[in-house]
Every structure is written in structure tokens, then in C-alpha cells.
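One letter stands for each residue in the lines below.
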Amino acid sequence: MLKISNNVEIADWEIDMTAIRAQGAGGQNVNKVSSAIHLRFDIKKSTLPDFYKERLLALSDSRITSDGVIIIKAQSHRTQEKNRDDALQRLKNLIVSAAVVQKVRRATRATKGSQRKRMDKKTQRGRIKNLRSKNNDD
């Protein structure tokens, strides 16, 4: 059971985890032991509330396929248990981050003082550059 919030949980049967061999260097151990975890979670078939489903499917995350399946590969640790915990934690973080409602940004105008200050700096910079030229006809 993966607890997302106080009243949202994901049952173990909804999460499909398989042990696979990890990639990369690691000597004999990496070639013999299946310590990496391949996690699959189908958003559409899950028991998540509709709010979470809509937000997850709207994300443009490379871990979410076009069919609505989240695929996470955890292989950073040496043991299968740690990789399993890591994959579950990453799934939880993804679901929680999708549920966060972004604050609406309101466009603001620059103040007259800031505009004037910017123009003064540009003028000053232009004068400095003009002094560098060979013939100073200013």
C-alpha cells in the first residue's frame, strides 16, 4: 500500500514491479544479480481519484507513455529492496507534484522609476563604449 495523502492510497496490485539487471559498469555482480526495478503504473486503470488522473495525464513527462502508463526504472542502489523503495518514492513524488496547483501569475508593469533607471544605465554604457572609439567626436 503506497500512501499518497491522508485519504488517497494506491493498492499493491495496481503497481507492477519486476526485477531486471542493472545497466552500466559494476563487475560480476551486475551481470549476475537482478537488482534494478522496473515499475509500471497504469493511470487510467488505477483507483486514483479523477482529479489525480486528469492532472497526471496532462503532464508532459517522459516517464508517462501515450497510453497513460508511468514507467520508472530504479537502478541507482546495489540492493533490490533499496531500488524498490526508490521507485515507489519516485512514483509518489510524481503523483504529488501533479496534484500541486500552480499559483496564477499576474502580469505587472514596470514602474516609471525602474524604466528611467534602465534607460540611464543604457545611456551611461553607450558613453563608455563611445570613449573606447579612436575618434571621439562626441
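Preceding this paragraph is the structure being described.
All figures in this text were calculated on a predicted structure; none of them were measured in a lab.

A. Highlighting the pattern of salt bridges. Applying the stated rule across the entire model yields two salt bridges. Residues D61 and R63 are paired through a salt bridge, measuring 2.9 Å at the closest nitrogen-oxygen approach. One salt bridge in this structure joins D86 and R90, with 3.3 Å as the shortest N-O distance. Remark: R90 and D86 occur in helix α3 (residues 80–99); sequence separation between them is four residues, near one turn of the helix. When its relative accessible area of 27% is taken as the criterion, R90 is described as partly exposed.

B. Representation of the packing of helix α2 (residues 50–58) against α3 within the structure. Where α2 contacts α3, the axes come no closer than 9 Å and their chain directions differ by 95°. One way to sum up the angle between α2 and α3 is to call them roughly perpendicular. Residues F51, Y52, R55 and L56 of α2 touch α3, and the partners they reach there are L94, I95, A98 and A99. Tallied by class, residues from the contact of α2 with α3 come to seven nonpolar, no polar and one charged.

C. Just the sheet that holds strand β3 (residues 15–20), in detail. Strands sit in the order β3-β4-β5 across an open sheet of three strands; the sheet is antiparallel. Edge positions in the sheet fall to β3 and β5 (69–74), since each of these pairs with one other strand and no more. Along the sheet, successive strands turn relative to each other by an average axial angle of 15°, direction set aside. The pairing of β3 with strand β4 (residues 36–42) spans six bridges and is classified as antiparallel.

D. Summary view of the nonpolar core. F41, I70, L91 and I95 are the most contacted members of the largest nonpolar core, which totals 23 residues. Those elements giving two or more residues to this core turn out to be β4, α2, β5 and α3. Once residues lying within four places of it in the same chain are set aside, the contact partners of F41 are I10, E14, I15, S46, L48, G68, V69, I70, L91 and I95.

E. A look at the environment of L39. Mapped onto the elements, L39 comes out in strand β4. On the accessibility criterion, L39 (0% relative accessible area) is buried. Spatially, the C-alpha atoms of L39 and A19 are 8.9 Å apart, while their sequence positions differ by 20 residues. Residues within four places of L39 in sequence aside, it is in contact with I15, D16, M17, I70, I71, I72, A87, L88 and L91.

Calculation notes
Residues numbered from 1 in each chain as written. Predicted model: local features only at pLDDT ≥ 70, side-chain atom pairs only at ≥ 80, totals over all residues. Heavy atoms only, no water. Salt bridge = Lys/Arg side-chain N within 4 Å of Asp/Glu carboxyl O. Helix = DSSP H or I, 4+ residues; strand = E, 2+ residues; numbered from the N terminus. Buried < 20%, exposed > 50% of the residue type's maximum accessible area, 1.4 Å probe, protein only. Axes fitted to C-alpha atoms, helices over the stretch in contact; angles between N-to-C directions. Parallel < 35°, antiparallel > 145°, perpendicular 65-115°, else oblique. Contact = heavy atoms within 4.5 Å. Nonpolar A, V, L, I, M, F, W, Y, C, P; charged D, E, K, R; others polar. Pairing = 2+ DSSP bridges. Core = buried A, V, L, I, M, F, W, Y, C linked by side-chain atoms within 4.5 Å.

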